[in-house]
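Each chain, written out:
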4 protein chains.
Amino acid sequence: MVAATFPVTTEMGFSCVELGDGTAVARLAFDETNVRPGGIVPGPSIFGLADISLWFAVFTKIGFEPMAVTSDLTIHFLRPAVGSALLARCNLTKLGKRLAHGEIRVWEEDGDPDRLIAFASGAYALPDHNTDDRLPKTQDA
Amino acid sequence: MVAATFPVTTEMGFSCVELGDGTAVARLAFDETNVRPGGIVPGPSIFGLADISLWFAVFTKIGFEPMAVTSDLTIHFLRPAVGSALLARCNLTKLGKRLAHGEIRVWEEDGDPDRLIAFASGAYALPDHNTDDRLPKTQDA
Amino acid sequence: MVAATFPVTTEMGFSCVELGDGTAVARLAFDETNVRPGGIVPGPSIFGLADISLWFAVFTKIGFEPMAVTSDLTIHFLRPAVGSALLARCNLTKLGKRLAHGEIRVWEEDGDPDRLIAFASGAYALPDHNTDDRLPKTQDA
Amino acid sequence: MVAATFPVTTEMGFSCVELGDGTAVARLAFDETNVRPGGIVPGPSIFGLADISLWFAVFTKIGFEPMAVTSDLTIHFLRPAVGSALLARCNLTKLGKRLAHGEIRVWEEDGDPDRLIAFASGAYALPDHNTDDRLPKTQDA
């Protein structure tokens with residue numbers, strides 16, 4: 001499904017390794033051809049990983065929605081990522097009619113999950129046809 | 001201590017209600033004279049609450065440091081806050097030599113802690129005299 | 001009008017000093033009773049100034065809309081503000097059906113406008129009744 | 001120079017098309033193999049473009065500095081980018097000893113420069129050996 005919707009990003013090495021209720025973990029494979037000298041994972045790749053984990057988390061709430069698009073994302077790069085695949089867990093913090101907001105932690109697959117490589121938060125804009133009926137009853141606008 | 005350092009903010013109704021290792025909870029009292037029509041807590045007050053919770057969390061790591069100043073803060077307002085005191089928990093996500101970064105959740109004291117009013121993240125700039133010796137050994141730059 | 005809508009913020013010393021097409025300048029008076037030791041203007045006050053300048057700029061496009069609320073705001077504090085009134089200019093960068101986005105520069109009234117105290121950007125959520133008819137024809141969603 | 005330092009990003013289609021005093025324009029080539037269905041430029045590519053324009057702008061002030069790394073970046077996606085190369089102009093808003101902050105506008109090369117695709121702002125962390133001597137005299141910390 002992801003491969004069909006986002007051929008580019010999947011080609012870039014992203015995959016989904018866990019889905020829960022309003023939570024998801026995305027993975028960025030380590031590929032020596034896509035890193036900077038010294039094996040440093042580029043910031044845009046880390047951004048892409050955070051971004052897609054938010055898309056996956058939204059998916060767990062509203063289902064497959066290719067029209068959900070990133071509205072805004074803020075990322076702080078906390079440490080360099082060197083020589084390892086990366087994991088990003090997104091937890092949704094709000095699901096509204098128009099926007100879904102989540103927070104994302106990025107760490108090295110080979111390392112301590114509390115030793116964060118990056119922290120991000122942001123919102124996806126949901127399409128107009130995303131009606132209340134499709135949203136969980138416990139969520140408000 | 002807080003009152004001595006931040007007379008203005010304390011006067012604005014902020015207090016510290018919990019301190020842990022790299023975590024803190026700040027409280028904003030509900031005061032009908034400081035809210036908008038309908039009892040809505042103004043955004044800048046919520047920002048101030050998030051900001052001071054981050055300062056408190058930094059305090060738990062490096063001690064009393066009046067020279068630590070906010071470098072940047074991003075806040076998403078998720079729902080209106082109406083008629084209630086607010087609580088904000090900050091968890092530090094990184095403590096470096098120059099910057100401390102944290103994430104902050106804001107909720108109504110009378111409400112569900114998972115029903116967030118706002119989500120923020122940001123960084124404090126630490127003063128130059130904040131040497132490695134004062135930092136926990138488990139933290140890197 | 002502002003005083004009627006935002007009595008709290010106006011009480012806090014904010015005023016509107018310029019309105020254009022998609023642009024506005026807000027002012028924060030310097031008041032020794034509302035600053036930190038040394039005359040430093042608190043971060044939340046600067047945030048509030050940026051926030052209200054964005055509200056003013058939205059006003060120039062869609063008219064008086066008390067239901068427009070801040071969706072998100074990111075602020076970088078670039079230098080301390082000491083002993084001076086502050087000005088904030090917001091320029092709208094996008095006006096959509098659901099969101100208005102702007103960027104905001106804050107400087108000291110007594111100082112060089114290019115010597116920024118803070119830089120902010122963010123979005124206001126526009127109410128559902130904000131129809132296309134009210135938006136300029138040159139703007140898209 | 002850019003190609004030598006960032007082989008990945010250059011390979012991804014980024015180039016520098018203008019350098020000024022504290023300002024730079026970066027370009028992202030349009031390449032049908034790197035876009036989503038319908039010719040939509042992916043968000044991470046736009047992020048990467050904004051990020052590298054900030055790096056170029058920092059370069060105009062402190063010279064070639066491969067160790068300058070992104071500290072944080074906030075991006076708002078304002079409209080989809082479809083079928084066109086993109087340009088991003090970064091203007092530095094602050095150059096300090098530790099951090100350089102800038103704002104970035106992204107638009108379609110084929111379109112109206114005022115019709116923004118994205119707006120970003122953020123900071124680069126400058127290495128310790130970036131001494132005052134290398135900074136312009138008109139800039140403060």
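Computed from a prediction, not measured in an experiment: that's the story for all the values here.

Chemist: Please clarify how the sheet that holds strand β6 (residues 118-125) of chain B should be interpreted in this entry.
Modeler: Strand-to-strand pairing in sheets goes through backbone hydrogen bonds, with the strands running parallel or antiparallel. Overall, antiparallel pairing links the 12 strands, which are arranged β1(B)-β2(B)-β4(B)-β5(B)-β6(B)-β3(B)-β3(C)-β6(C)-β5(C)-β4(C)-β2(C)-β1(C) in an open sheet. The sheet is open, and its two borders are formed by β1 (14-19) of chain B together with β1 (14-19) of chain C, each paired with just one other strand. Neighbouring strand axes in the sheet, compared pairwise and without regard to direction, differ in orientation by 20° on average. The sheet contact formed by strand β4 (residues 86-95) of chain B and strand β5 (residues 99-108) of chain B spans nine bridges and is antiparallel. The residue bridging L87 of chain B from the neighbouring strand is W107 of chain B, located in β5 of chain B. This element, helix α3 (residues 43-62) of chain B, spans β1, β2 (23-28), β3 (69-77), β4, β5 and β6 of chain B together with β3 (69-77) of chain C of the sheet and lies at about 45° to β4 of chain B.

Chemist: Looking at this structure, I do not really get the relation of the copies chain C and chain A. What am I missing?
Modeler: Between chain C and chain A, the superposition needs a rotation of 180° and an axial shift of 0.0 Å, giving an RMSD of 0.0 Å. Those values place the two copies in the arrangement expected of a two-fold rotation axis. When the interface residues of chain C are mapped onto chain A, 100% of them again fall at the interface, so both copies present the same face.

Chemist: Would you mind going over the side chain of T93 of chain D with me for this structure?
Modeler: For T93 of chain D, the location among the structural elements is in strand β4 (residues 86-95). We classify T93 of chain D as buried; its relative accessible area is 8%. Within the structure, T93 of chain D has its side chain in polar contact with the side chain of H101 of chain D (distance 2.4 Å). The contacts of T93 of chain D, once residues within four sequence positions are left out, are L78, R105, L116 and F119 of chain C together with H101, G102 and E103 of chain D.

Chemist: Before we go on, may I ask you to explain helix α3 (residues 43-62) of chain A in this structure?
Modeler: Residue pairs spaced three or four apart in an α-helix point in one direction, given the helix's 3.6 residues per turn. Compared with the 28 Å implied by 1.5 Å per residue over 20 residues, the 29 Å span of α3 of chain A between its first and last C-alpha is a close match. Just downstream of α3 of chain A lies G63 of chain A, where phi reads positive at about 80°.

Chemist: Sorry if this is basic, but what is going on with the packing of α3 of chain B against helix α3 (residues 43-62) of chain C here?
Modeler: Axis angle and axis distance: for two packed helices, these are the angle between their axes and the distance between the axes, and together they describe the pair. One way to put it is that α3 of chain B packs onto α3 of chain C with a least axis distance of 9 Å and a crossing angle of 145°. Our pair here, α3 of chain B against α3 of chain C, has a crossing hand that is right-handed. Note on element contacts: α3 of chain C touches α3 of chain B through G43, P44, F47, G48 and D51 of chain C, opposite G43, P44, F47, G48 and D51 of chain B. Among the residues making up the contact of α3 of chain B with α3 of chain C, the classes are represented as four nonpolar, four polar and two charged.

Chemist: Please clarify how the confidence of the model for chain A should be interpreted in this entry.
Modeler: Keep in mind that low pLDDT regions are not for reading the predicted coordinates in detail. All names here are of chain A. Confidence in the prediction of chain A, expressed as mean pLDDT, is 85, and 83% of residues score 70 or more. Across residues 130-141, confidence stays below pLDDT 50; counting only partners more than four residues off in sequence or on other chains, it has 26 contacts. In the predicted complex, the global pTM is 0.88; the interface-specific ipTM is 0.86.

Chemist: Help me understand the pairing of β3 of chain C, please; the structure alone is not making it clear to me.
Modeler: For a regular strand, the rule is simple: side chains alternate between the two faces of the sheet. Judged by how many residues are buried, β3 of chain C sits mostly within the fold: eight of nine residues are covered. When β3 of chain B meets β3 of chain C, the two strands line up antiparallel, connected through five bridges. Each bridged residue has a counterpart across the sheet, and for D72 of chain B the counterpart in β3 of chain C is H76 of chain C. In this sheet, strand β6 (residues 118-125) of chain C lies alongside β3 of chain C in antiparallel orientation, the contact comprising eight bridges. Bridging from a neighbouring strand, H76 of chain C pairs with F119 of chain C of β6 of chain C.

Chemist: Explain the packing of aromatic side chains to me, please; I cannot follow it from the model alone.
Modeler: In this description, a pair of aromatic rings is defined by centroid distance and the angle of the planes. On inspection of all chains with the given rule, the structure shows 20 aromatic pairs over all chains. Centroid distance W55 of chain C to F56 of chain C: 5.9 Å. Interplanar angle 65°. Geometry classified as edge-to-face. With a relative accessible area of 2%, W55 of chain C lands in the buried category. These aromatic residues form a ring-pair network of at least three members: F47 and F77 of chain A together with F47 and F77 of chain D.

Chemist: Explain the interface of chain C and chain A here, please?
Modeler: For interface size, the figure often reported is the accessible area lost on association. Contact with chain C, which involves nine residues of that partner, is made by nine residues of chain A. Of the roughly 600 Å² buried between chain C and chain A, counting both surfaces, carbon and sulfur atoms make up 28%. The largest contributions to the chain C side of the interface with chain A come from R98, L99 and D128 of chain C, which together make up 66% of the buried area. The tally of links between chain C and chain A comes to zero salt bridges. Remark: the boundary between chain C and chain A carries two residue pairs in polar contact (both at pLDDT 80 or more).

Rules of the game
- Residues numbered from 1 in each chain as written.
- Chains lettered and ligands numbered in written order.
- Predicted model: local features only at pLDDT ≥ 70, side-chain atom pairs only at ≥ 80, totals over all residues.
- Heavy atoms only, no water.
- Pairing = 2+ DSSP bridges.
- Helix = DSSP H or I, 4+ residues; strand = E, 2+ residues; numbered from the N terminus.
- Axes fitted to C-alpha atoms, helices over the stretch in contact; angles between N-to-C directions.
- Contact = heavy atoms within 4.5 Å.
- Least-squares fit on C-alpha atoms with pLDDT ≥ 70 in both.
- Buried < 20%, exposed > 50% of the residue type's maximum accessible area, 1.4 Å probe, protein only.
- Polar contact = N/O pair within 3.5 Å; in protein donor to acceptor, adjacent residues only side chain to side chain.
- Expected span 1.5 Å × (residues − 1).
- Left-handed = near helix turned anticlockwise from the far one by under 90°.
- Nonpolar A, V, L, I, M, F, W, Y, C, P; charged D, E, K, R; others polar.
- pLDDT = per-residue confidence, 0-100.
- Phe/Tyr/Trp six-rings, centres within 6.5 Å; stacked < 30°, edge-to-face > 60°.
- Buried area = accessible area lost by both parts, 1.4 Å probe.
- Salt bridge = Lys/Arg side-chain N within 4 Å of Asp/Glu carboxyl O.

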